[in-house]
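# Observations on chain architecture
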Amino acid sequence: MAITNIFSKRGKPVPPRDVLTYDKLPQALRAQIVHIWGEALGFANDQDYGDPGFSATLWDEILKSVLKEWGEFQLVPHKRGFEAAATYLVNTDPPTERALDLIEMSFLAIDKVVREQWWTNGRRWAKIDMEPDDAIAELNHRFLEHGVGYEYANGQIIKLDSTYAHAEIVKPALTLLADPAFKNAEAEFLKAHEDYRQGRYSDSLNESLKAFESVMKIICARRKWAYQQSDTAAKLIDTLMANGLVPAAMQSQFTSLAAVLKTGTPTARNKNSGHGAGVTTIQVTDYLAA
């Protein structure tokens, strides 16, 4: 028997979907973080000439802070410093919250301690050669690349669904697009996010505009409002306004909204990725795609 949309199901809110995951850090991501640690915090576990080196001291402080908060004495048996942290993150499959605790404390040390000591011999002898801003930027890029919804900012790991744009724009849009009528627009919107995560910013712009236009065409088709498949975003917006998608009494309030919609994604796409570049290389930035 086919699945039927019975009474008890109708009217229930569609479960929100997301373009990001939160409960698992992929193995490749964890390995990449260890690589960043090596470049930005150093590998040292032992003492140099009888005195703890810069990297060894820093790792001891990081692990001591984390273990104290957890109420434990060691990450993994018979290992310390960088080796203990790397083994714990990559080989033990720790709970996500604890992995994020360790990542947060390590990048706080990069952000504050390494930054303050950048011009010292201790940092140079530890062979730390990745600058803090580069380490933080790479961490956030790796999170995004793997579709993991966290980033390091202002001294802590934050969950991206708590940011304004994600909470107020992306997730509500995905909830609306979950309506089966909008399945093509949903696929294009998700493809735009995938392209963005992989750094294909020109493709992301193209898919964003396709999703935007698809939503408007679907509305027109369902309302039986005349439109052409070849209509541009600007023309589709005019069609929606002319047919009363926004009630006439409120249209003056929405005049500026229509202008923003016409000059937002459509203009960004047409000026930067919608046509052949010719002899000029057009570089679409991450913030424009975002």
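Let us look at the structure shown here.

About the thresholds
Residues numbered from 1 in each chain as written. Predicted model: local features only at pLDDT ≥ 70, side-chain atom pairs only at ≥ 80, totals over all residues. Heavy atoms only, no water. Helix = DSSP H or I, 4+ residues; strand = E, 2+ residues; numbered from the N terminus. Expected span 1.5 Å × (residues − 1). Pairing = 2+ DSSP bridges. Buried < 20%, exposed > 50% of the residue type's maximum accessible area, 1.4 Å probe, protein only.

## A look at helix 9 (residues 201-223)
In this model, helix 9 (23 residues) spans 33 Å end to end at C-alpha, consistent with the 33 Å of a helix rising 1.5 Å per residue. One or two residues past the end of helix 9 sits Lys-224, with phi positive at roughly 60 degrees.

## Details of the pairing of strand 4 (residues 156-159)
Relative to strand 4, strand 3 (residues 150-153) runs antiparallel, the two being bridged by four bridges. Each bridged residue has a counterpart across the sheet, and for Tyr-150 the counterpart in strand 4 is Lys-159. Connecting the antiparallel pair strand 3 and strand 4 is a turn made up of two residues, with Asn-154 showing a positive phi of about 55 degrees.

## What to know about unusual backbone geometry
A positive phi angle, close to 65 degrees, is found at His-78, a residue other than glycine. Relative to the helices and strands, His-78 is located in the loop between helix 2 (54-70) and helix 3 (81-91). Backbone geometry at Lys-127 places phi at a positive 60 degrees, although glycine is not the residue there. One can find Lys-127 in the loop between helix 5 (121-125) and helix 6 (132-145). For Lys-127, a relative accessible area of 65% puts it in the exposed group.

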